Amino acid sequence: MSVVFETFGGLPWTPMYVDSFDKNKCLGCGRCVKLCMQKVLGVETYEDDEGTERQIAKIDNKDHCIGCQSCGSICVRRCYTFKSKN
């Protein structure tokens, strides 16, 4: 059974929590990391095939996610997948 809450207007709302992140799609813009008020996301640094240091987002504190889906809403590459809490 999914957790269901209400919006301010009394409409049903089911939080969809961050489930996974596709590193191969990430551009490293950092918008999602800056937007997350719960500090669920962080930054990972790696060296690409050409030897250039790059940064991409990563899920650091999954347990802190409140299910707002802001990270997925701002991500232009749709790197995030979400699921309800069953």
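Preceding this paragraph is the structure being described.
Calculation notes
Residues numbered from 1 in each chain as written. Predicted model: local features only at pLDDT ≥ 70, side-chain atom pairs only at ≥ 80, totals over all residues. Heavy atoms only, no water. Helix = DSSP H or I, 4+ residues; strand = E, 2+ residues; numbered from the N terminus. Buried < 20%, exposed > 50% of the residue type's maximum accessible area, 1.4 Å probe, protein only. Contact = heavy atoms within 4.5 Å. Areas by Shrake-Rupley, 256 points an atom, 1.4 Å probe, with all protein chains shown as cover. Lys, Arg positive; Asp, Glu negative; His and termini not counted. Charge placed at Lys NZ, Arg CZ, Asp CG, Glu CD. Core = buried A, V, L, I, M, F, W, Y, C linked by side-chain atoms within 4.5 Å. Phe/Tyr/Trp six-rings, centres within 6.5 Å; stacked < 30°, edge-to-face > 60°. 1 Å grid on protein atoms, 1.4 Å probe; cavity = no way out; pocket = protein on both sides within 12 Å on 5 of 7 lines; lining within 4 Å. Points joined across faces, edges and corners; volume = space filled by probe spheres on them. Nonpolar A, V, L, I, M, F, W, Y, C, P; charged D, E, K, R; others polar.

Draft legend 1. Up close: the overall build of the protein chain. The number of helices and strands found in the protein chain is 2 helices and 6 strands. Along its sequence from the N terminus, the protein chain presents helices and strands in the succession β-β-β-α-β-β-α-β. Dimensions of the protein chain, computed from the C-alpha atoms along their principal axes, are close to 50 × 25 × 20 Å. Looking at the protein chain as a whole, 26% of its 86 residues are labelled buried. By sequence separation, contacts in the protein chain at least 24 residues apart represent 59% of the contacts at least 6 residues apart. For the protein chain, the computed accessible surface area is about 6300 Å², with 50% contributed by carbon and sulfur atoms. When the 12 positive and 11 negative side-chain charges of the protein chain are each reduced to one mean point, those points stand 7 Å apart.

Draft legend 2. Spatial organisation of the nonpolar core. Judged by nonpolar contacts, the single largest core of 16 residues is most densely connected at Cys32, Leu41, Ala57 and Tyr80. Elements represented by at least two residues in this core include exactly strand E3 (17-21), helix H1 (31-35) and strand E5 (53-59). The dominant element in this core, judged by the number of residues it contributes, is E3, at 3 residues. Residues contacting leucine 41, with those up to four places away along its chain left out, are Cys32, Val33, Cys36, Lys58, Ile59, Asp60, Cys71 and Tyr80.

Draft legend 3. Geometry of the packing of aromatic side chains. On inspection of all chains with the given rule, the structure shows 3 aromatic pairs. Judged by centre distance (4.9 Å) and plane angle (50°), the ring pair of phenylalanine 21 and tyrosine 80 falls under tilted. Of the two residues, phenylalanine 21 is situated in strand E3 and tyrosine 80 in strand E6 (residues 80-83); the sequence distance between them amounts to 59 residues. Taken together, the ring pairs connect Phe21, Tyr80 and Phe82 into an aromatic cluster.

Draft legend 4. Fine view of empty space enclosed by the protein. Summed over the entire model, instances satisfying the criterion amount to 1 cavity of 30 Å³ or more. Estimated volume of the largest cavity: approximately 120 Å³. Looking at the largest cavity, it is lined by 16 residues, and the ones nearest its centre are Cys26, Leu27, Cys29, Cys32 and Cys75. Those elements that place two or more of their residues in the lining of the largest cavity are H1 and E5. Residue classes in the lining of the largest cavity are distributed as 12 nonpolar, 2 polar and 2 charged.

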